[in-house]
Amino acid sequence: MSFRKCGGEEAERAWFAGLLWRAFPEARSENELAEIAASVLTSDSRPVTSRTVRNWLRRENAPHFRYVLKVIALVGAEAVFQVIDPEVQ
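Residues numbered from 1 in each chain as written. Predicted model: local features only at pLDDT ≥ 70, side-chain atom pairs only at ≥ 80, totals over all residues. Heavy atoms only, no water.

Labelled according to an unreviewed UniProt entry, the protein appears under the name Transcriptional regulator, originating from Paracoccus simplex.

1. Considering the packing of helix α1 (residues 8-23) against helix α4 (residues 65-75)
Closest axis-to-axis distance for the α1/α4 pair is 9 Å, and the angle between their directions is 45°. If you check the angle between α1 and α4, you find them oblique. Crossing of α1 against α4: the hand is left-handed. Across from W15, F16, L19, L20, R22 and A23 in α1, the residues of α4 making contact are Y67, V68, V71, I72, L74 and V75. Grouping the amino acids of the contact of α1 with α4 by side-chain chemistry returns 11 nonpolar, no polar and one charged. (Axes fitted to C-alpha atoms, helices over the stretch in contact; angles between N-to-C directions. Helix = DSSP H or I, 4+ residues; strand = E, 2+ residues; numbered from the N terminus. Parallel < 35°, antiparallel > 145°, perpendicular 65-115°, else oblique. Left-handed = near helix turned anticlockwise from the far one by under 90°. Contact = heavy atoms within 4.5 Å. Nonpolar A, V, L, I, M, F, W, Y, C, P; charged D, E, K, R; others polar.)

2. Thoughts on the pattern of salt bridges
Under the criterion given, the structure shown has three salt bridges. Between R58 and E30 there is a salt bridge; the shortest N-O distance is 2.6 Å. Of the two residues, R58 sits in the loop between α3 (50-57) and α4 while E30 sits in helix α2 (residues 30-41), which places them 28 residues apart along the sequence. On the basis of relative accessibility, which here comes to 43%, the residue R58 falls in the partly exposed class. Residue classification places E30 among the partly exposed residues on the basis of a relative accessible area of 26%. (Salt bridge = Lys/Arg side-chain N within 4 Å of Asp/Glu carboxyl O. Buried < 20%, exposed > 50% of the residue type's maximum accessible area, 1.4 Å probe, protein only.)

Given below as structure tokens:
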């Protein structure tokens, strides 16, 4: 069963929100996480605001694939297996 068939876009957004919390475990609040993640994900050509990150955390918007890849790289390879099999912890 593919990830998309397990709940669609809402499941993908929820997965990414959880991934952000795993990537930045030092964050103690949504606002702190948004600030930290925005600073890490910002590049010279593509700024990321804390508001954008809060929208991702609240599942209001889906991130571009470039940010998904960056966060997966921060968390580690086991995050990829959750896309393939969402039941993997």
